[in-house]
Amino acid sequence: ETFSPMGNISLSAISVLESLISRLFESSLPLERVEPHTSDEQPPDQQQQPPLIDYEAENAHIAHIKEVIELICMEIVPYIPQINVILRDFVTSDSPAGSKHIVNQSKRKASRLGHRGLQLVKFVESIVRVGVPEIDQALCQHNVVRTCL
């Protein structure tokens, strides 16, 4: 696929935004709890001690990250109809990736999205995973998930 300079910039911006949202979401997950390992063979002073975790600080950090994610996602909501239009264009018009259709595993023809279309689908996946109700409502209202599928 070849893009105009503006198309290259928008693809890069989508990639950065998707990566940012994914990383923020991953950092909003609680730390894995590790139970101390005890053994009858080791004296008590040599047994592994539980890690010292400040659960209040961890919960405050997670709440702050979720607020940041929600702020970013709220800025995305006005663009969801446009994202759906762009995705529909990739599915229904001549594909920028070359041939319009490919044959999938079930021997049916499917539209070829190309790199930019797949990047948009990946972006939609990342904003679905964060679980912000306003994003979910906008995605449903504008049939974005249906278009992706």
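Scroll up for the structure.
Residues numbered from 1 in each chain as written. Predicted model: local features only at pLDDT ≥ 70, side-chain atom pairs only at ≥ 80, totals over all residues. Heavy atoms only, no water.

**Q** Looking at this structure, I do not really get the nonpolar core. What am I missing?
**A** Most often, soluble globular proteins keep nonpolar side chains buried together rather than apart. Ile69, Ile76 and Ile135 are the most contacted members of the largest nonpolar core, which totals 24 residues. Those elements that place two or more of their residues in this core are α1 (5-27), α2 (55-76), α3 (80-92), α4 (114-129) and α5 (133-141). Considering every element that reaches this core, the biggest residue donor is α2, with five residues. Excluding residues that lie within four positions of it along the chain, Ile76 makes contacts with Leu17, Ile21, Phe123, Ile127 and Ile135. (Core = buried A, V, L, I, M, F, W, Y, C linked by side-chain atoms within 4.5 Å. Buried < 20%, exposed > 50% of the residue type's maximum accessible area, 1.4 Å probe, protein only. Helix = DSSP H or I, 4+ residues; strand = E, 2+ residues; numbered from the N terminus. Contact = heavy atoms within 4.5 Å.)

**Q** Whenever I open this one, the pattern of salt bridges confuses me. Can you help?
**A** If the charged atoms of two oppositely charged side chains come close together, the side chains can form a pair. Tallied over the full model, the rule gives two salt bridges. Linking Glu18 and Lys122 is a salt bridge whose minimum nitrogen-to-oxygen distance equals 3.9 Å. Of the two residues, Glu18 is situated in helix α1 and Lys122 in helix α4; the sequence distance between them amounts to 104 residues. A salt bridge links Arg129 to Glu125; the shortest N-O distance between them is 4.0 Å. On the criterion of helical spacing, the pair formed by Arg129 and Glu125 is a turn pair, its members being four residues apart in helix α4. Judged by its relative accessible area of 36%, Arg129 falls in the partly exposed class. Here Glu125 falls in the partly exposed class, since its relative accessible area comes to 44%. (Salt bridge = Lys/Arg side-chain N within 4 Å of Asp/Glu carboxyl O.)

**Q** Help me out: how do you make sense of α2 in this one?
**A** Count 3.6 residues to each turn of an α-helix, and residues three or four apart come out pointing the same way. Its 22 residues place the ends of α2 32 Å apart at the C-alpha level, agreeing with the 32 Å of an ideal helix rising 1.5 Å per residue. Along α2, the positions that sit buried rather than exposed are Glu58, Ile62, Ile65, Ile69, Ile72, Cys73 and Ile76. Buried positions in α2, seen along its axis, are confined to an arc of 100° and lie on one side of it. Across α2 from its buried face, at more than 90 degrees, point the exposed residues Glu56, Leu71 and Glu75. (Expected span 1.5 Å × (residues − 1). Arc of directions from axis to C-beta.)

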